[in-house]
Amino acid sequence: MDFGFTEEQLMLQDVARRIAQEKIAPSAEHFDRLGEFPVDNMRMLGENGLMGIEVPEEYGGAGMDPIAYVLAMIEIAAGDAAHSTIMSVNNSLFCNGILLNGTEAQKQKYVRAIAEGREIGAFALTEPQSGSDATAMRCRAVKQADGSYVVNGKKSWITSGPVCKYIVLFAMSTPELGARGITAFLIDTANPGFHRGKTEPKLGIRASATCEIEFQDYVVAAEDVLGAEGQGFKIAMGVLDAGRIGIASQAIGIARAAYEATLEYVKERKAFGAAIGTFQMTQAKIADMKCKLDAALLLTLRAAWVKGQGQRFSNEAAIAKLTASEAAMWITHQAVQIHGGMGYSKEMPLERYFRDAKITEIYEGTSEIQRLVIARNETGLR
Ligand SMILES: Cc1cc2nc3c(=O)[nH]c(=O)nc-3n(C[C@H](O)[C@H](O)[C@H](O)COP(=O)(O)OP(=O)(O)OC[C@H]3O[C@@H](n4cnc5c(N)ncnc54)[C@H](O)[C@@H]3O)c2cc1C
């Protein structure tokens, strides 16, 4: 493994850092408080190549590699986690799935619009009764004589659901086949039969709009089937492997922001006549924060490196996501504690980092599911 970053990777990291620190971080409190989707900021990310980092230039992307994606995601998440959530769905869950499985026409139509930041994409797998166990989905796609499908059913917790133009949807086309009966479809939300539910009020990442969506006799043309019929579950799991590298990066960005704020605070804040950073109990926390942050970063870079080599990276991605998300939760918890009352105040971003960190342990596979993936990979047992 070689972690000497290329000039191109460092340039993208620099662009992301500048946007995050100059535009995103100053507006993060506003969007979090109002729970408002940051339309203009997201367009800016698209215009700067950050909505399709691994998308080849011929489809409107930046044509870069997974390491560049990790570096950029960390910077945006350090500015604001909600922005990085929207960015990760567009990059990992939407574009990646179509790039790997789509036709040339699908890539030109769907990927280009999202990678250029003109439209927002979404990924719809979860349903009210099926999250970790995606095979329990009920959303039904019935094939018609002309090769089109009629879709009926609900999907819940859809990131960017309230604002997205296009969706990668997973629906059951042959229920008796279970996982092998799931098919992936490309949805245009402007078509009849698509409905959005109310936006979910959330603990964190409040600027990333999330809602339930519903399909009522929505017709998907044959050319909008993604991959072959029955391949949907495989497509979803492959896309989530890549997505986990993005969520690990998001967790690192949140944790780094909390850690850096803490480093400043322990030097300035005094108690009992000394800076709190001189107390050994504070020093132990700082050392543990730094170790967890670096471990998460190295494991995430490893996962991205393995992916970039074209090798199977499912285990590395799960290890990175589990380690980074639990590190983010722990680090933000300690950061609030070290800030004392100010850590609890909305006048500082610490409480937001703490709230935002939690989601990284839940979506794109909970920590329990990551442990299950890792243990199965390690033992070979099912
Ligand atoms: C803010 C937010 C945004 C989201 N965005 C999207 C999105 O864009 N698209 C999308 O499709 N979904 C999205 N989700 C859904 C998310 O991926 C699911 O919430 C997650 O996968 C967990 O599913 P669940 O909520 O149904 O929990 P459940 O699956 O019901 O799990 C409940 C608990 O049981 C545990 N559990 C379940 N199975 C096992 C097992 N076998 N062994 C041990 N423990 C187990 C879980 O770890 C968890 O602790 C989002 C969720 C949130 C909160």
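Once a new chain begins, its residue numbering starts again from 1 and follows that chain's sequence as written. Where totals are concerned, whole chains, interfaces and linings use all residues; where local detail is concerned, this predicted model gives features only for residues with pLDDT of at least 70, and gives and counts side-chain atom pairs only at 80 or more. The basis for every side-chain value is the complete set of non-hydrogen atoms in the structure, without hydrogens or water.

- As annotated in an unreviewed UniProt entry, the protein is Acyl-CoA dehydrogenase from Pseudoxanthomonas gei.
- UniProt positions are given in the numbering used here, feature names are shortened, and annotations may be inferred rather than shown by experiment. For the record of the protein, the UniProt heading Sequence similarities (unreviewed entry) holds the text "Belongs to the acyl-CoA dehydrogenase family."
- The record held by UniProt for the protein lists under Cofactor (unreviewed entry) the comment "FAD".

Considerations on the environment of Asn101
And then number 1: Labels follow the DSSP assignment, with helices taken as runs of H or I lasting at least four residues and strands as runs of E lasting at least two, numbered in each case from the N terminus. Checked against the element boundaries, Asn101 lands in helix α4 (residues 81–101).
And then number 2: Buried means the residue's accessible area, taken with a 1.4 Å probe over protein chains only, is under 20% of the maximum for its type, while exposed means over 50%, and partly exposed covers the values in between. The exposure class of Asn101 is partly exposed, given its relative accessible area of 25%.
And then number 3: We call two residues contacting when some pair of their heavy atoms lies within 4.5 Å. With sequence-adjacent residues up to four places away left out, Asn101 is seen in contact with Leu226, Gly227 and Ile235.
And then number 4: A polar contact is formed between the side chain of Asn101 and the backbone oxygen of Gly97, at a distance of 2.9 Å. Whenever two N or O atoms come within 3.5 Å, that pair is a polar contact, provided that in protein one can donate a hydrogen and the other can accept it, and provided that, for residues adjacent in sequence, both atoms are side-chain atoms.

Description of the site of the ligand
And then number 1: Nearness is defined per residue: one heavy atom within 4 Å of the molecule or strand is enough. Contacts to the ligand come from 18 residues, most closely from Thr126, Ser132, Trp157, Thr366 and Glu368.
And then number 2: Within the side chain of Ser132, a nitrogen or oxygen atom sits 2.6 Å from an oxygen atom of the ligand.
And then number 3: In the model, an oxygen atom of the ligand is placed 2.6 Å from a nitrogen or oxygen of the Thr366 side chain.
And then number 4: Protein chains shield 65% of the accessible area of the ligand, which is 970 Å² for the free molecule.
And then number 5: Mapped onto the shell around the ligand, the elements with two or more residues apiece are β1 (121–124), β3 (149–159) and α11 (367–379).
And then number 6: When residues in the shell around the ligand are grouped by element, the largest group, 3 residues, is from β3.
And then number 7: Polar here means any residue other than Ala, Val, Leu, Ile, Met, Phe, Trp, Tyr, Cys and Pro, which are nonpolar, and Asp, Glu, Lys and Arg, which are charged; Gly is therefore polar. Counted by class, the shell around the ligand contains 10 nonpolar, 5 polar and 3 charged residues.
And then number 8: How far each domain reaches was decided by an automatic or database domain assignment. The residue makeup of the shell around the ligand includes at least three contributed by each of domain 2 (122–229) and domain 3 (234–379). Per-residue and other accessible areas follow the Shrake-Rupley method at a 1.4 Å probe size, with only the shown protein chains counted as cover for residues.

As for the domain arrangement of the protein
And then number 1: You can read the domains of the protein as domain 1 (7–119), domain 2 (122–229) and domain 3 (234–379).
And then number 2: Placing a centre on the C-alpha atoms of domain 2 and another on those of domain 3 gives a separation of 30 Å.
And then number 3: Counting residues at the interface gives 11 residues for domain 2 and 13 residues for domain 3.
And then number 4: Summing both partners gives a buried area of about 870 Å² for domain 2 against domain 3, and 79% of it is carried by carbon and sulfur.
And then number 5: One speaks of a salt bridge when a side-chain nitrogen belonging to Lys or Arg is within 4 Å of a carboxyl oxygen belonging to Asp or Glu. At the surface where domain 2 touches domain 3, the tally comes to 0 salt bridges.
And then number 6: In this structure, the connection of domain 2 to domain 3 is made through 2 residue pairs in polar contact (both at pLDDT 80 or more).
And then number 7: Each residue belonging to the side of domain 2 that touches domain 3 can be placed in one class, and the counts come to 7 nonpolar, 3 polar and 1 charged. Using a 1.4 Å probe, buried area is obtained as the accessible area two parts lose upon being combined, added over both of them.

Observations regarding the pairing of strand β2 (residues 140–143)
And then number 1: At least two bridges found by DSSP between two strands is the condition for calling them paired. Bridge count between β2 and β3: 4 bridges; the pairing is antiparallel. Bridging from a neighbouring strand, Ala141 pairs with Val151 of β3.
And then number 2: The antiparallel pairing of β2 with β3 creates a hairpin that spans 5 residues between the two strands, and Gly147 there sits at a positive phi of about 90°.

Here we look at the pattern of salt bridges
And then number 1: Evaluation of the coordinates by the stated rule reveals 20 salt bridges.
And then number 2: The salt bridge partner of Arg118 is Glu116, with a shortest N-O separation of 2.9 Å.
And then number 3: Classification of Glu116 as partly exposed rests on a relative accessible area of 29%.
And then number 4: Ionic pairing is found between Lys155 and Glu127, a salt bridge with its closest N-O pair at 2.8 Å. Residue Lys155 is found in strand β3, and its partner Glu127 is found in the loop between β1 and β2; the two are separated by 28 residues along the sequence.
And then number 5: Look at Lys155 and you get buried, because its relative accessible area is 0%.
And then number 6: You can call Glu127 buried: its relative accessible area is 3%.
And then number 7: Linked through salt bridges whose partners overlap, the residues forming this network are Arg17, Glu75, Arg256 and Glu260.

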